[in-house]
Amino acid sequence: MEITIDIHLHGKYSRATSPYLNPETIAQAAKIKGIDVIGTGDFTHPLWIDLFKNLEERDGLLYGYGSRFMLSVEVNNVFEYMGRQLNIHNVILTNSLESAYQILDVLKKYGDLSKDGRPNLKISMMEMMDILKGLNRKTEVFAAHIWTPWFSILGARNGLREIKEVIDDRLLAVETGLSADPNMTAMTSAGDFPIISNSDAHSLDNIGREATRLDVDDISYDSIINAIRSKRIVKTYEFYPQEGKYYYDGHRSCNIRVHPNQNNICKVCGKKLTIGVLHRVIDLKDGKTRPVHKFQYIIPIKQILNYVMNSNKIETYYKALIDRYGNELSIYDNFTKEDLYNILGKYGEDVYRILKGDIIWEPGYDGVYGVFRLKNDKIIEQLKS
Ligand SMILES: [Zn+2]
Ligand SMILES: [Zn+2]
Ligand SMILES: [Zn+2]
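Residues numbered from 1 in each chain as written. Chains lettered and ligands numbered in written order. Predicted model: local features only at pLDDT ≥ 70, side-chain atom pairs only at ≥ 80, totals over all residues. Heavy atoms only, no water.

Novice: Before we move on, could you go through the coordination of the zinc ion (ligand 2) and cite the residues and values that matter?
Specialist: Distances from the zinc ion (ligand 2) to its protein donors, namely His-8 (NE2), His-10 (NE2), Glu-74 (OE) and Asp-200 (OD), fall within the range 2.0 to 2.2 Å. Note that the zinc ion (ligand 2) binds four donor atoms; their angles at the metal cover 86 to 175°, and the shape is irregular. Each donor residue of the zinc ion (ligand 2) belongs to the same chain, with the gaps between them written as H-x1-H-x63-E-x125-D. Here the zinc ion (ligand 2) and the zinc ion (ligand 1) are spaced 3.6 Å apart, with Glu-74 acting as a shared donor. Placement of the pair is His-8 in the loop between β1 (2–6) and α1 (23–33) and Glu-74 in strand β5 (residues 67–81), with a sequence separation of 66 residues. In this pair, the class of His-8 matches that of Glu-74, namely buried. (Donors = N, O, S within 2.8 Å, 3.2 Å for Na, K, Ca; no water. Tetrahedral: all angles 85-135°; square planar, octahedral: opposite > 155°, others 65-115°. Helix = DSSP H or I, 4+ residues; strand = E, 2+ residues; numbered from the N terminus. Buried < 20%, exposed > 50% of the residue type's maximum accessible area, 1.4 Å probe, protein only.)

Here you go:
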């Protein structure tokens, strides 16, 4: 059977996240988006985990609020390597509340878990893996948004060239992040690992903006992990890499955005540009061909509606589309021209063209999201701001 998962997101106790992110609202959002198993996020946060402790446990997942949750938490591993300090974001998954509380109890020695839902931990990935596997061999770790500049295993700041420099084959998978897709990832040795996609949502609307569809034997923790490890990935839903905040090189404060084949130095301030994801992939590609699962580029439906129409109608049309297709991801799988014309009237044509990818991008850079517009469309003033 096929299920869709999104197992990297955050709750209200993480930095820079929405106060509306609680278990109940996350479950509701997962349903509207079409996510069958959603991560709890932030399970090492003592207040956050307590919000899940009364949920029913079954087959390694938690059931409640009309959804299924997988225990997940993102941590920032801070450690020395070859004389420099690395910062790498990783997501831990586990299969019971008991195991989650044990992990919390051990990891608190390495950082203040109550300060942030995504804690800084002074421990290497290898040492953390040893500890986690020692506690419960079913606990898993995957590398988060592996290409982003500041806090990722292959990002420019850390400067690693191989995942194997800091972790072994026990690593479950790599996550593309918003500014990369599976094809880009598979051009490098990172593509030897299973490639998954998750939303990394910091707000309810962003849940499911990337997701992974798996071929599983049943809906259980073990089946999901097995499907990832054996690369039974039916498809991933992906941001267009150009939309991600770190696709091109650039300087946000200087308004400089450049393709990586240009000079690394900012022509406004003279400092080094923030090196984007495309640059890193070009640097690390190894010429090998690796199989890549099917994937589909998507743009959040509300964002599309916001482009084509006046803002006070967006919720109404969004709801009409969800009513027709059951959930948001199903729109991308099943949309027809006829439906869109029926539901959206005069906006149907533009939405159809955007969903078909008849668009061009101003790529994202240095923390600024990329912006699309319809081919041949006039540039709307708001898009420039
Ligand atoms: Zn992260
Ligand atoms: Zn995150
Ligand atoms: Zn600059």
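Continuing now.
Novice: Describe the coordination of the zinc ion (ligand 3), with residues and values.
Specialist: Distances from the zinc ion (ligand 3) to its protein donors, His-251 (ND1), Cys-254 (SG), Cys-266 (SG) and Cys-269 (SG), fall at 2.0 to 2.4 Å. Counting along the primary sequence, the residues that act as donors to the zinc ion (ligand 3) give the motif H-x2-C-x11-C-x2-C. Given a relative accessible area of 2%, Cys-266 falls into the buried group.

Novice: Outline the packing of helix α8 (residues 301–308) against helix α12 (residues 348–355), supporting the account with residue identities and numerical values.
Specialist: Here α8 crosses α12 at 135°, and the two axes come no closer than 10 Å. Of the possible angle classes, the one that applies to α8 and α12 is oblique. When the axes of α8 and α12 are compared, the crossing they make is right-handed. Taking contact as the criterion, the partners of Ile-301, Ile-304, Leu-305, Tyr-307 and Val-308 in α8 are, on α12, Asp-350, Val-351, Ile-354 and Leu-355. The residue inventory of the contact of α8 with α12, partitioned by class, reads eight nonpolar, no polar and one charged. (Axes fitted to C-alpha atoms, helices over the stretch in contact; angles between N-to-C directions. Parallel < 35°, antiparallel > 145°, perpendicular 65-115°, else oblique. Left-handed = near helix turned anticlockwise from the far one by under 90°. Contact = heavy atoms within 4.5 Å. Nonpolar A, V, L, I, M, F, W, Y, C, P; charged D, E, K, R; others polar.)

Novice: Quick one: what's the story with helix α6 (residues 221–229), residue by residue and with numbers?
Specialist: Those residues of α6 that sit buried are Tyr-221, Ser-223, Ile-224, Ile-225, Ala-227 and Ile-228. Residue Lys-231 follows α6 closely and has a positive phi angle near 55°.

Novice: Break down the packing of helix α11 (residues 337–344) against α12 for me, with residues and values.
Specialist: Interaxial distance between α11 and α12 falls to 8 Å at its minimum, and their mutual angle equals 140°. Relative to α12, the element α11 lies oblique. The handedness of the crossing between α11 and α12 is right-handed. For the pair α11 and α12, the contacting residues are Lys-337, Leu-340, Tyr-341 and Leu-344 in the first and Gly-348, Glu-349, Val-351, Tyr-352 and Leu-355 in the second. Looking at the contact of α11 with α12, its residues break down into six nonpolar, one polar and two charged.

Novice: Give me the lowdown on the pattern of salt bridges, citing residues and values where you can.
Specialist: The tally for this structure, following the rule as stated, stands at 23 salt bridges. Among the salt bridges present, the one from Asp-339 reaches Arg-324, with a minimum N-O distance of 2.8 Å. Here Asp-339, found in helix α11, pairs with Arg-324, found in helix α9 (residues 314–325); they are 15 residues apart in sequence, far enough to count as distant. You can call Asp-339 buried: its relative accessible area is 12%. When its relative accessible area of 44% is taken as the criterion, Arg-324 is described as partly exposed. (Salt bridge = Lys/Arg side-chain N within 4 Å of Asp/Glu carboxyl O.)

Novice: An account of unusual backbone geometry is requested, with residue identities and associated values reported.
Specialist: Phi at Ala-16 is positive, roughly 55°, even though this residue is not glycine. In this fold, Ala-16 is placed in the loop between β1 and α1. What makes Ala-16 exposed here is its relative accessible area of 72%. Positioned with a positive phi, Asn-255 is a non-glycine residue whose angle comes to about 60°. One can find Asn-255 in the loop between β13 (249–251) and β14 (256–258). The exposure class assigned to Asn-255 is exposed, which follows from its relative accessible area of 65%.

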